[in-house]
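In case you want the letters, here they are:
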Amino acid sequence: MPLHILYQQPGWFVCAKIPGVSVHKQPRFPKEHTIAQRLREQLGQPVQLVHRLDRQTSGCLLVATEPALVTPLAEALAAGQKTYLAFVRGHFPSLEEQKVETPIKHKGKRLEASSTVRCSTSGHSARGSGPPRRASSATSVSSASRNSSSCSAYARTTETAVS
């Protein structure tokens, strides 16, 4: 199955990474047909992944077809703000914005990290009684669900690591 190209410019593109597949070869999965291999075969040319996503994660993957663009693209990605959109179901402590400050470990160093989480039930049932549909905005909350203690929602997390 071909990977979906979401956006393309000369020398680079963004593809939709499917969950359950590694981006690079891993000793734990020696026979796996990786995202990098699939893209090389699909496009018929060498590709270089600018970053990675975990094996079980789906999302946008930035890929260079020109080696000279890998470093500037990686630097631009590192300088930007990472925003994660996650589907959550069940009890959310509040429909107001929540700040979570939890240290993370990166390359053996402990870094302070901060996440801001917002819950939106826009377009979803207040009791979470069915699969959610696509939210129109991660920051909007429908008035019918403001008093609900459980929701079926999207949570948007913006994470910034501070060394």
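It should be noted that the structure appears before, not after, this text.
In what follows, the accompanying structure is described. Note that the structure is a prediction, hence the values are computed from the model and not measured.

Cut-off values and rules
Residues numbered from 1 in each chain as written. Predicted model: local features only at pLDDT ≥ 70, side-chain atom pairs only at ≥ 80, totals over all residues. Heavy atoms only, no water. Helix = DSSP H or I, 4+ residues; strand = E, 2+ residues; numbered from the N terminus. Buried < 20%, exposed > 50% of the residue type's maximum accessible area, 1.4 Å probe, protein only. Contact = heavy atoms within 4.5 Å. Pairing = 2+ DSSP bridges. Axes fitted to C-alpha atoms, helices over the stretch in contact; angles between N-to-C directions. Core = buried A, V, L, I, M, F, W, Y, C linked by side-chain atoms within 4.5 Å. Salt bridge = Lys/Arg side-chain N within 4 Å of Asp/Glu carboxyl O. Phe/Tyr/Trp six-rings, centres within 6.5 Å; stacked < 30°, edge-to-face > 60°.

The subject of this paragraph is the side chain of Thr34. For Thr34, the position within the fold is in the loop between β2 (12-17) and α1 (35-43). Note on Thr34: relative accessible area 2%, which makes it buried. The residues touching Thr34, leaving out its near neighbours within four places in the chain, are Val21, Ser22, Val23, His24 and Lys25.

With that settled, consider the pairing of strand β4 (residues 59-64). Sheet topology places β2 next to β4; six bridges connect them, and they run antiparallel. Each bridged residue has a counterpart across the sheet, and for Lys17 the counterpart in β4 is Gly59.

This next bit is on the pairing of β2. Pairing analysis gives four bridges linking strand β1 (residues 5-9) to β2, with the strands arranged antiparallel. From the neighbouring strand, Gln8 faces β2, where its bridge partner is Phe13. Counting the residues in the hairpin turn of β1 and β2 gives two residues, including Gly11, whose phi is positive at 90 degrees.

If you trace the four strands from one edge of the open sheet to the other, you get β1-β2-β4-β3, paired in antiparallel fashion. Since the sheet does not close on itself, it has two edges, and those belong to β1 and β3 (48-49), each with one partner. The strands touched by α1 within the sheet are β1, β2, β3 and β4, with β2 carrying the most contacts at an inclination of about 125 degrees.

Core analysis: the biggest nonpolar cluster contains 13 residues, and Phe13, Cys15, Ile35, Leu39, Leu49, Leu61 and Val63 have the highest contact counts within it. Put simply, the parts of the chain that give this core at least two residues each are β2, α1 and β4. The element contributing the most residues to this core is α1, with three residues. Not counting residues within four places of it along the chain, the set of residues in contact with Val63 comprises Gly11, Trp12, Phe13, Cys15, Leu39, Val47, Gln48, Leu49 and Val50.

All chains considered together, the criterion is met by four salt bridges. Between Lys99 and Glu101 there is a salt bridge; the shortest N-O distance is 3.8 Å. Among the ionic pairs, Arg110 bridges to Glu112, the shortest N-O distance being 3.9 Å. Relative accessible area serves as the criterion here: at 64%, Arg110 is assigned to the exposed category.

Moving on, we come to the packing of aromatic side chains. In total, this model carries one aromatic pair according to the counting rule given. With a centroid separation of 5.6 Å and an interplanar angle of 45 degrees, the aromatic rings of Tyr7 and Trp12 are classed as tilted. Judged by relative accessible area, which is 42%, Tyr7 ranks as partly exposed.

Bear in mind that shape data such as this cannot, by itself, settle questions of function.
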